[in-house]
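Structural features, examined
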Amino acid sequence: MKKLVSLLLAVCMIAVCSVAFAMPKNVTYANTVRFLQALEAADINYSYLGIDQDDDEHVRLTFDDDIKVNFFFTEDNEECNIRIWNLVELNPDSIEEAYRICNELNYNYKFCAFYVDTSDNTVTMSMDLILRDSDDVGDICYEALVRALRIYQNGHEALLAVAK
């Protein structure tokens, strides 16, 4: 957890070491461009995964090699869906307890949801943002990233009790 806290602090501040990023030329949606500009200004590495089968533009940030934060921007620039899959792999005997913990987390945190994915016995965290095509979208999505990582940390700790 110390690594995650350190990572969170690093995300909140501009990195000391500058890394040269080059935004991919095929980024299509204006809000995706704005978010990538905010990430580049903060020297945060990302993977641009292009437009998926749902016509969402997909950006992934990876922390500690196993925390993958996925951003999906819609073509109309009106929303961004954030997903962190596989917070924990659940012990099959602990599914009911996982539901209880997720309900408690959902009660305590605004703007996001935790849910049990019974197809693979894992927990997912989701956060959905309502946006407009505006200049402050990069800042809004960057703040959502910071908030999502904080909530992830607390949710992950709570869910370890039911993990494999």
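For the structure itself, look to the data block above.
The model shown is predicted, which means the values in this text are computed figures rather than measured ones.

Moving on to helix H2 (residues 30-41). What sets the pattern is the α-helix's 3.6 residues per turn: residues three or four places apart point alike. Helix length check: H2 (12 residues) gives 17 Å between terminal C-alpha atoms against 16 Å at 1.5 Å per residue, within 8%. Turning to H2, its buried residues are Asn-31, Thr-32, Arg-34, Phe-35, Leu-36, Ala-38, Leu-39 and Glu-40. In the core, the buried residues of H2 are packed alongside strand E1 (47-51), strand E2 (57-63), strand E3 (67-73) and helix H4 (137-159). Residue Asp-43 follows H2 closely and has a positive phi angle near 55 degrees.

Together, Asp-54, Asp-55, Glu-75, Asp-76, Glu-78 and Glu-79 line one region of the surface with negative charge. With respect to the element layout, Asp-55 can be found in the loop between E1 and E2.

Within the element layout of this structure, Ile-84 appears in strand E4 (residues 79-84). Here Ile-84 is in contact with Lys-68, Val-69, Val-123, Thr-124, Met-125, Ala-148 and Tyr-152, once residues within four sequence places are set aside.

In this structure, Leu-61, Phe-71, Phe-114 and Leu-159 are the most contacted members of the largest nonpolar core, which totals 47 residues. Going through the elements one at a time, H2, E2, E3, E4, helix H3 (95-108), strand E5 (112-117), strand E6 (122-130) and H4 are the ones with two or more residues in this core. Among the elements that line this core, the one with the most residues is H4, at 11 residues. Residues within four places of Leu-61 in sequence aside, it is in contact with Phe-35, Leu-39, Ile-44, Asn-45, Tyr-46, Ile-67, Lys-68, Val-69, Phe-71 and Leu-145.

A few words now on the packing of aromatic side chains. Under the definition given, this model contains four aromatic pairs. Ring centres of Phe-35 and Phe-73 lie 5.6 Å apart, and the angle between their planes is 40 degrees; this geometry places the pair in the tilted category. Residue Phe-35 is located in helix H2, and its partner Phe-73 is located in strand E3; the two are separated by 38 residues in the primary sequence. Neither residue differs from the other here; Phe-35 and Phe-73 are each classed as buried. Judged by relative accessible area, which is 1%, Phe-73 ranks as buried.

Once that is clear, we can look at the sheet that holds E3. A sheet is described by the order of its strands in space; here six strands give the open sequence E1-E2-E3-E4-E6-E5, paired in antiparallel fashion. With one partner strand each, in any of the chains shown, E1 and E5 form the two edges of the open sheet. The average undirected angle you get between the axes of adjacent strands in this sheet is 20 degrees. Alignment of E5 against E6, held across six bridges, turns out to be antiparallel. Looking at E6, one finds that Tyr-115 is bridged to Thr-124. Packing against the sheet, H3 makes contact with E5 and E6, and its axis sits at approximately 175 degrees to E5. On the sheet, H4 packs against E2, E3, E4, E5 and E6 and is oriented at approximately 155 degrees with respect to E6.

With that settled, the discussion passes to the environment of Cys-80. For Cys-80, the location among the structural elements is in strand E4. Owing to a relative accessible area of 0%, Cys-80 belongs among the buried residues under this scheme. Along the chain, Cys-80 and Leu-129 lie 49 residues apart, while their C-alpha atoms are 5.1 Å from each other. Each residue touching Cys-80, except ones within four places of it in the same chain, is listed here: Phe-71, Phe-72, Phe-73, Met-127, Asp-128, Leu-129, Leu-131 and Cys-141.

Conventions and cut-offs
Residues numbered from 1 in each chain as written. Predicted model: local features only at pLDDT ≥ 70, side-chain atom pairs only at ≥ 80, totals over all residues. Heavy atoms only, no water. Helix = DSSP H or I, 4+ residues; strand = E, 2+ residues; numbered from the N terminus. Expected span 1.5 Å × (residues − 1). Buried < 20%, exposed > 50% of the residue type's maximum accessible area, 1.4 Å probe, protein only. Contact = heavy atoms within 4.5 Å. Patch = residues over 30% accessible without salt bridge, like charges linked within 9 Å, V, L, I, M, F, W, Y side chains within 5 Å. Areas by Shrake-Rupley, 256 points an atom, 1.4 Å probe, with all protein chains shown as cover. Salt bridge = Lys/Arg side-chain N within 4 Å of Asp/Glu carboxyl O. Lys, Arg positive; Asp, Glu negative; His and termini not counted. Charge placed at Lys NZ, Arg CZ, Asp CG, Glu CD. Core = buried A, V, L, I, M, F, W, Y, C linked by side-chain atoms within 4.5 Å. Phe/Tyr/Trp six-rings, centres within 6.5 Å; stacked < 30°, edge-to-face > 60°. Pairing = 2+ DSSP bridges. Axes fitted to C-alpha atoms, helices over the stretch in contact; angles between N-to-C directions.

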